[in-house]
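Analysis of the macromolecular model
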Amino acid sequence: MENQDPSEPSFGARIATATACFFRALANPEFARRAAALLRPAPAPVTAAPVKPATVELPPERLHASGLTVLSLLQREGRLIDFLQEDVATFSDAEVGAAARVIHSGCKKVLKEYFTVEPILKDAEGASITVPAGFDAQRIRITGNVTGQPPFRGTLKHHGWEATAVRLPSVSATLDSRVLVAAEVEL
Amino acid sequence: MSRFSIGIDLGTTNSAVSYFKLDEAQARGTAQTMLGIPQITAIGTVEAKNLLPSFLYLPNDQEFPVGSLALPWGKDRKYIVGEFARSHGSKVPTRLVSSAKSWLCHAGVNRLEPILPWQTPDDVQRISPLEVAARYLTHIREAWDFQFQEAQLAEQEVVLTVPASFDAAARDLTLKAAQQAGLQNVTLIEEPQAAFYAWLEERGESFRKHIKPGDVVLVVDVGGGTSDFSLIAVTAKEGEVALTRIAVGDHILLGGDNMDLTLAHTVNLRLAAGGKKLDAWQFNALTFACRQAKEQMFADPTLEKTSLVVPGRGSSLIGGTIKAELSRVELAAVLTDGFFPKTAVTDVPKNARRTGLAQMALPYAQDAGITRHLAAFLTRQRQAMASTEDAPVQVADRKFVHPTAILFNGGVFKAAALKDRILEVLNDWLAADGGQPARELAGAELDLAVARGAAYFGWARHGHGLRIRGGTARAYYVGVETAMPAVPGMEPPVKALCVAPFGMEEGTQADVPPQEFGLVVGEPTRFRFFSSSVRRDDRVGVMVDDVVDNDEFEEIAPIETTLPARADKDELVPVNLQAAVTEIGTLELRCLEKSGAGRWKLELNVRMKE
């Protein structure tokens, strides 16, 4: 590991920031405008004296706010957290199955509304396909007898999924994103 | 200078906005643009959607965190409109306003008085039906202005839709709501006509292949809360196709929401018999599940039953889940046969028309059979046309007006089975009456057509496309009490003086009837006011005897005016009444001074009938 300035964010933190910027820029036009301003070349510094940049360490829940938003959407529409937090061992398959319908239809709605999810490879699973030279190693994983050089011949086991669009709603920054669902008290 | 024509469908359960760039030289075809309406969908969350649920929630001061109700254009909101209002309001019914549009046309209540939410505890700040409509329109205006900052809505041409069955008072109120919301340039259009315009635009020039002179198109518009019928005749005029709206139905408070509710009640009864009791929230979830099951089964005719799952409200999802089933037999019995029964055309609805204005809660239709309401509409209109000299369509030797084509509108008809049922019933009637079967005009987008057609109409009225003519769908009358000695317990008979005939076109005024009235200066004068959708031949000045309890007439809000006291005038000023239909589609009544230049506008009094 290279030596780095302790005030500089770690590589991991930078990935997180970059991801957060990506989602927020998509969801929040005002943020996108400010980000675009940051991306323009900075004006020449007026003073030569090195100024120690003030580090703004965002707390994790702010940094990963969009992740929490997705969780709360899955709970709101599909009761996913209720389901995962419940002890399914005590229920029959039929009971779990009935609840699964609620979760399936609700979570599917979230997936459809806020993301466009498409298979990476359009071929049918089980089909015999060719993986060309220079293939995208992130999108295509080769397994089994991996020897020699591409192009490879193989059988498509899983066509993969890719979110080709993300449309998360803008959530007010004044709210605590850690609240996934509020407690409900009926009066 | 306006740049857009904006169609606003202010619906009973959902509102939608479509827009048309006026500088564009041609119709939009299938690419009819909708406005995404930003609205609160959850605490602190704003999303833009094509439909704005017509629900208003009036929160308690402490109910939600500070700033969580902010919209992109306003930080400080004391009320919520749209998706979150509906979803949260279902758990807090005392703070939720729904079906405001039905209240707006309900003559039994004071529509300017803060009465909504209906019968709610006193600590909720109630508002008037007019104010609710104005708030929906304000939300729409702000959503538009936020996205089109260079072309503010107040400066654009707005076309607002109203049910064809809305009377003069309800139209007037809709317009007032628009003005209160800051919309200045507004025209009204009837929803079935708007749906027809959307179909015309969608078809483009090829519409000529689908409708021909001689056709009579029946528009069946079943919205969330209301059912609305109109007849449009296709004729040839100087070699070009001409469209005339020849009749509209009565106001029927019955729609798609009633159907889902009825299904839910049916299932709920079965659950209750099995000892499972649902609370209000679970019942809502059941209604939602029924709607989904309905759509699923109508989409897949092989499905014999669907399971309904009502999740528990607590965090125990599996443990709290209540299961039920909806079978195809039940769906057909409750929905297809319940709401669209196979009936004879002579089978009229029980209590079809509103009787008495004194009832307070919303006057829901007594008979759920939409086909019976349709039969009543077609037979009543036949009688009306048979008695006139120049019937717009052939009615001689027929039991009812024969439509040749039918255009469906409203989300209910996503279920093809329901369209098929109406066609089947109508075609049975036609066959029994010696007519040719009617065909469906396919293609309109059922949820969004009204908004789209309204925007298209805004463009067409600049002389770009075919326009539907027709004028007022009613004749209007002023009540005149006959002088007779008072008989205890008996109301003196009321005669009606026709002031505006059937079919008055926008931008025209009627003749002045010869009857004279004496107005006392400085004191309010009030007339009873009636309308009729079946008396097509009454000319201005015609006097009809005894209109109260005559089912050809419907009483609407009284009209009144106060003449300012003037020093040079006598106490009593003789006047004539005159009616005019404004360019924007509302009816205006005025008093003309008999021997002078005085003119006073008569206002429809939408406060309560006394």
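Residues numbered from 1 in each chain as written. Chains lettered and ligands numbered in written order. Predicted model: local features only at pLDDT ≥ 70, side-chain atom pairs only at ≥ 80, totals over all residues. Heavy atoms only, no water.

1. Some words on the overall build of chain B
Along its length, chain B carries 13 helices and 28 strands. Relative to the compact-globule value of 25 Å for 610 residues, chain B shows a C-alpha radius of gyration of 25 Å, a close match. Referenced to the eigenvectors of the C-alpha coordinate spread, the extents of chain B come out at roughly 80 × 65 × 65 Å. Every one of the 610 residues in chain B was classed for burial, and the buried ones make up 59%. Sequence separation of at least 24 residues holds for 69% of the intrachain contacts in chain B that already meet a minimum separation of 6. Of the charged side chains in chain B, 64 are positive and 76 negative; the average position of the first set lies 4 Å away from that of the second. (Helix = DSSP H or I, 4+ residues; strand = E, 2+ residues; numbered from the N terminus. Rg over C-alpha atoms; globule rule 2.2 N^0.38 Å. Buried < 20%, exposed > 50% of the residue type's maximum accessible area, 1.4 Å probe, protein only. Contact = heavy atoms within 4.5 Å. Lys, Arg positive; Asp, Glu negative; His and termini not counted. Charge placed at Lys NZ, Arg CZ, Asp CG, Glu CD.)

2. Description of helix H10 (residues 328–339) of chain B
Residues and elements named next belong to chain B. In this model H10 runs 15 Å from its N-terminal to its C-terminal C-alpha over 12 residues, within 8% of the 16 Å that 1.5 Å per residue would give. Those residues of H10 lying buried are Arg-328, Glu-330, Leu-331, Val-334, Leu-335, Thr-336 and Phe-339. Here the buried face of H10 lies against helix H7 (256–273), helix H8 (280–299), strand S15 (322–327), helix H11 (370–386) and helix H12 (416–432). (Expected span 1.5 Å × (residues − 1).)

3. Looking at the sheet that holds strand S4 (residues 45–49) of chain B
Ordered in space as S5(A)-S4(B)-S3(B), the three strands form an open sheet in which the pairing is antiparallel. Each end of this open sheet is capped by a strand with a single partner; those strands are strand S5 (170–171) of chain A together with strand S3 (37–42) of chain B. Where S5 of chain A lies against S4 of chain B, two bridges are found, and the strand directions are antiparallel. Residue pairing in the sheet places Ser-170 of chain A in a bridge with Val-46 of chain B of S4 of chain B. (Pairing = 2+ DSSP bridges.)

4. Describing the pattern of salt bridges
A side chain of one charge can pair with a side chain of the opposite charge if their charged atoms are brought near each other. Inspection of every chain in the model, using the stated rule, returns 45 salt bridges over all chains. A salt bridge links Arg-178 of chain A to Glu-61 of chain A; the nearest nitrogen and oxygen atoms lie 3.7 Å apart. In this pair, Arg-178 of chain A sits in the segment after S5 while Glu-61 of chain A sits in helix H3 (residues 60–63), placing the two residues 117 residues apart along the sequence. Glu-240 of chain B is the salt-bridge partner of Arg-208 of chain B, the closest N and O atoms lying 3.0 Å from each other. You can see Arg-208 of chain B sitting in helix H6 (residues 207–210) and its partner Glu-240 of chain B sitting in strand S13 (residues 240–248), a full 32 residues away along the chain. Classification of Arg-208 of chain B as partly exposed rests on a relative accessible area of 32%. Overlapping salt bridges, with partners in common, bring together Glu-184 and Glu-186 of chain A together with Lys-91, Asp-279 and Arg-313 of chain B in one network. (Salt bridge = Lys/Arg side-chain N within 4 Å of Asp/Glu carboxyl O.)

5. Quick look at the interface of chain A and chain B
If you look at the interface, chain A gives 25 residues, while chain B gives 27 residues. Interface area for chain A against chain B, summed over the two sides, is near 2000 Å², with a carbon-plus-sulfur share of 53%. When the shortest N-O distance is used, the salt bridge between Glu-113 of chain A and Lys-49 of chain B registers 2.3 Å. In this assembly, chain A and chain B are joined by 14 residue pairs in polar contact (both at pLDDT 80 or more). When contributions to the side of chain A that touches chain B are tallied by element, the ones reaching two or more residues are helix H5 (80–85), helix H6 (93–114) and S5 of chain A. By residue number, the principal contributor to the side of chain A that touches chain B is H6 of chain A, which donates 10 residues. For the side of chain A that touches chain B, the residue count by class is 13 nonpolar, three polar and nine charged. (Buried area = accessible area lost by both parts, 1.4 Å probe. Polar contact = N/O pair within 3.5 Å; in protein donor to acceptor, adjacent residues only side chain to side chain. Nonpolar A, V, L, I, M, F, W, Y, C, P; charged D, E, K, R; others polar.)

6. Comments concerning a nonpolar patch on the surface
Residue and element names in this part refer to chain A. Together, Leu-111, Val-117 and Trp-161 make up a nonpolar patch on the protein surface, roughly 290 Å² of accessible area in all. Along the chain, Leu-111 falls in helix H6. Residue Leu-111 is classed as partly exposed on the basis of its relative accessible area, which comes to 44%. (Patch = residues over 30% accessible without salt bridge, like charges linked within 9 Å, V, L, I, M, F, W, Y side chains within 5 Å. Areas by Shrake-Rupley, 256 points an atom, 1.4 Å probe, with all protein chains shown as cover.)

7. Some thoughts on the packing of aromatic side chains
All names here are of chain B. Summed over all chains, the structure comprises 24 aromatic pairs over all chains. On the basis of an interplanar angle of 55° and a centroid distance of 5.8 Å, the ring pair of Trp-73 and Phe-146 is categorised as tilted. Here Trp-73 is found in the loop between strand S6 (56–57) and strand S7 (80–81), whereas its partner Phe-146 is found in helix H3 (residues 129–147), with 73 residues between them in sequence. Relative accessible area serves as the criterion here: at 19%, Trp-73 is assigned to the buried category. Judged by relative accessible area, Phe-146 falls into the partly exposed class, the value being 35%. (Phe/Tyr/Trp six-rings, centres within 6.5 Å; stacked < 30°, edge-to-face > 60°.)

8. Points about the confidence of the model for chain A
For chain A, the mean per-residue pLDDT works out to 82, and 71% of the residues sit at or above 70. For chain A, the element scoring lowest by mean pLDDT is helix H1 (residues 11–27) of chain A, at 64; strand S1 (residues 115–118) of chain A scores highest, at 96. (pLDDT = per-residue confidence, 0-100.)

9. What about the environment of Arg-167 of chain A?
Residue and element names in this part refer to chain A. For Arg-167, the location among the structural elements is in the loop between strand S4 (162–166) and S5. The exposure class assigned to Arg-167 is partly exposed, which follows from its relative accessible area of 37%. Spatially, the C-alpha atoms of Arg-167 and Tyr-114 are 4.7 Å apart, while their sequence positions differ by 53 residues. The contact partners of Arg-167, leaving out residues within four places of it in the chain, are Lys-112, Glu-113, Tyr-114, Phe-115 and Thr-116. Here Lys-112 takes part through its backbone oxygen, which lies 3.1 Å from a polar atom of the side chain of Arg-167. A polar contact is formed between the side chain of Arg-167 and the backbone oxygen of Glu-113, at a distance of 3.0 Å.

10. Looking at the environment of Val-56 of chain A
Positionally, Val-56 of chain A belongs in the loop between helix H2 (29–39) and H3. Residues Val-56 of chain A and Gly-134 of chain A lie 78 residues apart in sequence; the distance between their C-alpha atoms is 40 Å.

11. Structural notes on the confidence of the model for chain B
Across chain B, the average pLDDT comes to 86, with 94% of residues at 70 or higher. Here the prediction assigns the complex a pTM of 0.83, and the interface score ipTM is 0.72.

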